[in-house]
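Overview (structure and organization)
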Amino acid sequence: MSIYQAEDSVQSPSILFRLNGGLYCADSRYVSTIMELPKYTPVPDAPPYISGIFSLRGSSVTLFNLRAALKLQSLHEEFDAFTTMLDARKQDHINWVAALERSVKTGEPFSLATDPHKCKLGRWYDSFKTDSTELASHLSRMEEPHRLLHESAQRMEQCEATGDCEAIANCKQTALDEVRSIYMPKVLSVLEEAKEIFRIREFHEMVLVLSGDTSLGLTVDEVLSVEMVEEEAAGAHNQIMTRSPYIRRVVRAPGQDELILELSLPDILQVGDEVAALRAAASAG
């Protein structure tokens, strides 16, 4: 009898991991090895959820791409979306500074956001969540220069009370020079460097190698911990489970606020058996 038919009454800890920003888990009884993603060989004509094969302790392991199987963004798609968004926010602020400079030169009213929390970058940053302390710490370096950049427009309005026209012009020019030489470069630098931090973190995949007759390795973004989990009450969460045959149930873990999707390892292993049969048939042909 397959070990994947073990009774559910047997309690065992689960391996918690991240995938496309979501929290997932797999029963630790059925995982033999946790390792970094090795070099692998693509399999011709394989389904999109099969990345390739690699050798481990004399056996051939098939890589099962969980993102593709669960119809999630690929790592490259996620990275492209993140960098595209950051580039757009950089351009927003380049345009913002250009508009501020035009206002100083022409005297026309400045109509863009002066509140750092109301521009698109501010709204994104205020709602942005990440499990990477490195990325969060890096982005926090943007807070002060971003705030001072936007507040410089408010300072320029206050320049009107400084006295004669020459004094007003000098006051505004000083504020504008600080924006262009100090605040703006810092904001753009933090956003540009955030891309590389995101890339290094997100492209450091791990593999959970399953036990059993079929050697199958599941690619995940990041392994977090090994913990006991408890089943979440059914009801509204049933629709989460029906999105994919590879999700067994919704669970919770102590100290975790998020719902956790538990993988259905028997169903994933069955896919591995089918792929192994196809490979064997192709070799025989």
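Up top is the structure these notes are about.
Residues numbered from 1 in each chain as written. Predicted model: local features only at pLDDT ≥ 70, side-chain atom pairs only at ≥ 80, totals over all residues. Heavy atoms only, no water.

Overview of unusual backbone geometry
- Residue R57 is not a glycine yet carries a positive backbone phi of 50°.
- A relative accessible area of 64% places R57 in the exposed class.
- In this structure, K71 is a non-glycine residue whose phi angle is positive, near 60°.
- By the secondary structure assignment, K71 is in the loop between α1 (66-69) and α2 (75-106).
- Residue class for K71 comes out exposed when judged on its relative accessible area of 75%. (Buried < 20%, exposed > 50% of the residue type's maximum accessible area, 1.4 Å probe, protein only. Helix = DSSP H or I, 4+ residues; strand = E, 2+ residues; numbered from the N terminus.)

A look at the nonpolar core
- By size, the foremost hydrophobic cluster in this structure holds 26 residues, and its most contacted members are F17, F64, L66, L218, L263 and I268.
- Core analysis: the second largest hydrophobic core is formed by 17 residues, M85, C119, L121 and F198 among them. (Core = buried A, V, L, I, M, F, W, Y, C linked by side-chain atoms within 4.5 Å.)

Comments concerning the pairing of strand β10 (residues 247-252)
- As paired elements, strand β9 (residues 230-231) and β10 share two bridges and run antiparallel to each other. Bridged to E230 within β10 is R252. (Pairing = 2+ DSSP bridges.)

Re the packing of α2 against helix α3 (residues 120-127)
- Between α2 and α3, whose axes approach to 9 Å, the crossing angle comes to 140°. When the axis of α2 is compared with that of α3, the two are oblique. In this structure, α2 contributes F82, M85, L86, R89, D92 and H93 to the contact, and α3 contributes K120, L121 and W124.
- Its residues assigned to classes, the contact of α2 with α3 shows five nonpolar, one polar and three charged. (Axes fitted to C-alpha atoms, helices over the stretch in contact; angles between N-to-C directions. Parallel < 35°, antiparallel > 145°, perpendicular 65-115°, else oblique. Contact = heavy atoms within 4.5 Å. Nonpolar A, V, L, I, M, F, W, Y, C, P; charged D, E, K, R; others polar.)

Points about the sheet that holds β9
- The sheet built from six strands is open, its strands ordered β8-β1-β2-β11-β10-β9 with mixed pairing. Edge positions in the open sheet fall to β8 (222-227) and β9, since each of these has one partner strand only.

Remarks on the pattern of salt bridges
- Throughout the structure, instances matching the rule amount to 19 salt bridges.
- The shortest N-O distance in the salt bridge between D87 and K195 comes to 2.5 Å. Highlighted residues: D87 in helix α2 and K195 in helix α6 (residues 165-202), separated in sequence by 108 residues.
- D87 gets classed as partly exposed once you look at its relative accessible area, which sits at 36%.
- Ionic pairing is found between E231 and R249, a salt bridge with its closest N-O pair at 3.5 Å. Here E231, found in strand β9, pairs with R249, found in strand β10; they are 18 residues apart in sequence, far enough to count as distant.
- With relative accessibility at 54%, the residue E231 sits in the exposed group. (Salt bridge = Lys/Arg side-chain N within 4 Å of Asp/Glu carboxyl O.)

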